[in-house]
Amino acid sequence: MNSEFHTQKELYDRVKPALHAKLQELKRLNYNEIQELDIWKYLIEVKWKRTKNLMLSDIVSDIIHVDNHKLSTYLKNKIKEEV
């Protein structure tokens, strides 16, 4: 199986089931304002900012284990920046 991705969209589409699973967890914990794309952007802008050559398994693991509170705080700060 080819695990190289030519675009960020291809990679996003590949890990979408993990993002969906994390989103369901967040909804159960009443983080209702968070969307799949928010999780993805947080990881790109914070967790993976200086990381290169991540393996697909590492990406999925990071999605599943993202810190819910840090993610929520990040999104609240982004909203404040936009205002």
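See above for the structure.
The residue numbering used here restarts from 1 in each chain and proceeds along that chain's sequence as written. Where totals are concerned, whole chains, interfaces and linings use all residues; where local detail is concerned, this predicted model gives features only for residues with pLDDT of at least 70, and gives and counts side-chain atom pairs only at 80 or more. Excluding hydrogens and water, the side-chain figures rest on all heavy atoms present in the structure.

Caption draft 1: Fine view of the layout of surface pockets. A pocket, in this scheme, is an open set of points on a 1 Å grid over the protein atoms alone with protein on both sides within 12 Å along at least 5 of 7 lines, while a cavity is a set where a 1.4 Å probe fits but cannot get out; residues line either one if an atom lies within 4 Å of a point. Grid points are joined across faces, edges and corners, and a volume is the space filled by probe spheres set on the points. Each pocket or cavity is described by its volume, and for the largest pocket that value is around 320 Å³. Taken together, 14 residues line the largest pocket, and the ones lying closest to its centre are Phe5, Leu11, Asn53, Leu54 and Ile59. Strands here mean DSSP runs of E at least two residues long; helices mean DSSP runs of H or I at least four residues long; both are numbered from the N terminus. For the lining of the largest pocket, the elements supplying multiple residues, two or more each, are α1 (8–28), α2 (36–47) and α3 (56–64). Note on residue classes: Ala, Val, Leu, Ile, Met, Phe, Trp, Tyr, Cys and Pro are nonpolar, Asp, Glu, Lys and Arg are charged, and everything else, Gly too, is polar. For the lining of the largest pocket, the class distribution of residues is nine nonpolar, five polar and no charged. Considering only enclosed or pocket space, the second largest pocket measures out at about 200 Å³ in volume. Every residue lining the second largest pocket is listed: Glu33, Asp38, Lys41, Glu45, Ser72, Tyr74, Leu75, Lys76, Lys78, Ile79 and Glu82. Among the elements of the structure, α2 and α4 (68–82) are those that each provide at least two residues to the lining of the second largest pocket. Among the elements that line the lining of the second largest pocket, the one with the most residues is α4, at seven residues. Looking at side-chain class alone, the lining of the second largest pocket contains three nonpolar, one polar and seven charged residues.

Caption draft 2: Layout of α1. Compared with the 30 Å implied by 1.5 Å per residue over 21 residues, the 28 Å span of α1 between its first and last C-alpha is a close match. The angle between axes fitted to the seven residues ending at a residue and the seven residues starting there is what we call the bend at that residue. The sharpest bend along α1 comes to roughly 55 degrees, located at valine 15, with the proline proline 17 sitting one to four residues further on. All of the buried residues in α1 are Leu11, Tyr12, Val15, Ala18, Leu19, Lys22, Leu23 and Leu26. Contacts are assigned to residue pairs with any non-hydrogen atoms lying within 4.5 Å of each other. The inward-facing, buried residues of α1 abut α2, α3 and α4. Positive phi shows up at asparagine 30, right after α1, with a value of about 65 degrees. One less than the residue count of a helix, multiplied by 1.5 Å, gives the span that helix is expected to have. Three labels apply to residues, based on accessible area from a 1.4 Å probe with only protein chains included: buried if under 20% of the type maximum, exposed if over 50%, partly exposed otherwise in between.

That is the geometry; function is a separate question.
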